[in-house]
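# Topology and contacts: notes
Listed here are the chains, written in short residue letters.
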Amino acid sequence: MNQPVDTIAAIASAPGAAGVGVLRVSGPRAPAIAQVMLGRTPQPRHAYFASFRDAQGEVIDHGLLLHFPAPASYTGEHVLELQGHGNAVLLDTLLRRVCELGARLARPGEFTERAFLNGKLDLAQAEAVADLIAARSQAGARAALRSMEGVFSQRVETLLQKLIALRVHVEAAIDFPEEEIDFLADPAIAQQLENLRAELASLLREAQRGLRLNDGLRVAIVGRPNAGKSSLLNALAGSERAIVTAVAGTTRDVLRESVALDGMALELADTAGLRDTADEIEREGVRRAHGELQRADAALLVTDVEHAAADLALFDALPAGAERVVLINKIDLAHVVPHAETRDGVRWLWASAKTGEGLDALRECLKELAGAGSGEGNFSARRRHVLALQEVRERLDHAANALVISRAGELAAEELRQAQHALGEITGAYSSDDLLGAIFGSFCIGK
Ligand code: GDP
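Structure report, in brief. (Residues numbered from 1 in each chain as written. Predicted model: local features only at pLDDT ≥ 70, side-chain atom pairs only at ≥ 80, totals over all residues. Heavy atoms only, no water.)

Here the focus is the layout of surface pockets. What the largest pocket holds in volume is close to 610 Å³. Lining of the largest pocket is provided by 27 residues; of these, Gln208, Arg212, Asp297, Gly321 and Gln390 occupy positions nearest its centre. Mapped onto the lining of the largest pocket, the elements with two or more residues apiece are helix H8 (187-215), helix H13 (359-369) and helix H14 (383-405). Residues belonging to the lining of the largest pocket are distributed by class as follows: eleven nonpolar, six polar and ten charged. Formed jointly, the lining of the largest pocket draws a minimum of three residues from each of two domains, domain 2 (133-213 + 382-427) and domain 3 (216-370). (1 Å grid on protein atoms, 1.4 Å probe; cavity = no way out; pocket = protein on both sides within 12 Å on 5 of 7 lines; lining within 4 Å. Points joined across faces, edges and corners; volume = space filled by probe spheres on them. Helix = DSSP H or I, 4+ residues; strand = E, 2+ residues; numbered from the N terminus. Nonpolar A, V, L, I, M, F, W, Y, C, P; charged D, E, K, R; others polar. Domains from an automatic or database assignment.)

In structure tokens form, the structure reads like this:
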């Protein structure tokens, strides 16, 4: 990878009314710029109170100056931080002055990209920096912090080492064809592969939870028209966002609402009533409802005592692995007390969107699905990480078939090689420029 040779600068903190504005500079010219701004050579990691001046010697602002020489800095390069008053005009003038002295404006995410290129962070950690900045819930922020500290990367790395060890065995066996069959039939090899698959399955589950902590649990609320979906969305969101009427077929589009339940983020989508209809607009709504189901982490089926059994068919459009919750609504009409049960792994809850009875249990259930209370080991993950882990799982399944059933060493070796590649993409051991561009381009400027 090409190491950057120029010096970048950006306003690193959004200037607020009375806040501090931070200008960050990174690259080989940072020490020279620091020298000019301070009027002498700063000691590493010392805070100086200084007057920042323009080329004519006019004071632009007063503030703190800090110098972090390479490699002990965020980017791994020489870094200079100027902390001034949180005024956009002053910060802009200061930025222009720093650019006169040899820096250029940084692109979004360029500081973190440099940290990655200089080996300060791996790719998953760098992504966690952006996720931490964008976190919408406490649990999400905590999880992103752990990923930034390398908790997820460490797990990936451990698996990667075991996968490499297995590859070494299999590749060695292929190199000695006369012993290959015996070698591949060795139960220790099969066992090694089994252990790897088990560890991967557990990492995938945790990464899926990490994705929910990061993105929020995507819940599609489904059910026949008039079941009470909009009423429920309003009750959970605490607003009158969806239109509630007694005429079947009101919710024609997909309504989304972000809800934070005790620090857990939920993305609720109220879908159109799933029914066959002649109405053109409503049909479109139904089509979108099916689309919403396809991308949901969980589906909440809203029904009532009378229709519950028939409505279960609405779960059919769900992707495998999505959680299912059945809410028997309108218990106030049926004179049923709120309660909960689990039937064949599906949670059933009895409640009323109108009176609010039983909704606390529903909130608890959703929080749990969103990853709440699942321990300190949680880390955040992104969809691309989950997809990579799913590919690794598939490759390992194929490798196991090739090895154990058909004793096809070459085939197993190739699948393991691909598995290693997919795993390496998570931390950036293998990464294309396109991927890096997409990841760092989504950062804000100054990070
Ligand atoms: P949707 O079509 O599934 O979104 O259903 P709505 O939320 O629009 O509700 C349809 C009708 O059922 C409205 O008149 C609601 O007031 C009513 N409703 C919703 N939930 C309850 C409930 O728990 N109890 C009672 N009695 N009525 C409800």
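That shown, we press on.
Within the largest apolar cluster, 37 residues are counted, with the highest numbers of intra-cluster contacts made by Phe152, Leu193, Leu389, Leu396, Leu416, Leu423 and Ile426. Mapped by element, the contributors of at least two residues to this core are helix H6 (151-175), H8, H14 and helix H15 (409-427). Those residues in contact with Phe152 that sit more than four places away from it in its chain are Ala124, Ser147, Leu203, Ala207, Phe379, Ser380, Ala381, His385, Leu389 and Ile426. Formed by 29 residues, the second largest nonpolar core is a distinct cluster that contains Leu266, Val325, Ala351 and Leu366. (Core = buried A, V, L, I, M, F, W, Y, C linked by side-chain atoms within 4.5 Å. Buried < 20%, exposed > 50% of the residue type's maximum accessible area, 1.4 Å probe, protein only. Contact = heavy atoms within 4.5 Å.)

Let us now look at helix H3 (residues 110-117). With eight of its eight residues buried, H3 lies for the most part within the structure. Where the residues of H3 are buried, they touch strand S1 (8-11), strand S2 (20-26), strand S6 (104-105), helix H4 (123-134), H15 and helix H16 (433-441).

In this structure, Arg382 sits in the loop between H13 and H14. Here Arg382 is in contact with Glu127, Ala130, Asp131, Leu211, Asn214 and Ile439, once residues within four sequence places are set aside.

Here the structure, examined in full by the defined rule, presents 26 salt bridges. Where Asp6 meets Arg114, a salt bridge forms, and the shortest distance between an N and an O atom there is 2.6 Å. One end of the pair, Asp6, is in the segment before S1; the other, Arg114, is in helix H3, and 108 residues separate them in sequence. With its nearest N and O atoms 3.1 Å apart, the salt bridge here joins Glu414 to Arg417. (Salt bridge = Lys/Arg side-chain N within 4 Å of Asp/Glu carboxyl O.)

Moving on, we come to the pairing of strand S9 (residues 264-270). Counting buried residues along S9, seven of its seven residues qualify, which places the element largely inside the surrounding structure. Note: strand S7 (residues 217-222) against S9, five bridges, orientation parallel. Counted as the bridge partner of Leu217 is Leu266 from S9. Two strands pair when backbone bridges link them, and strand S8 (residues 255-261) and S9 are joined in this way by seven bridges, in the antiparallel orientation. Considered in S9, the bridge of Ser258 is made with Glu267. Remark: two residues form the turn of the hairpin made by S8 and S9, two consecutive strands paired antiparallel; Asp262 in that turn has positive phi of roughly 45°. (Pairing = 2+ DSSP bridges.)

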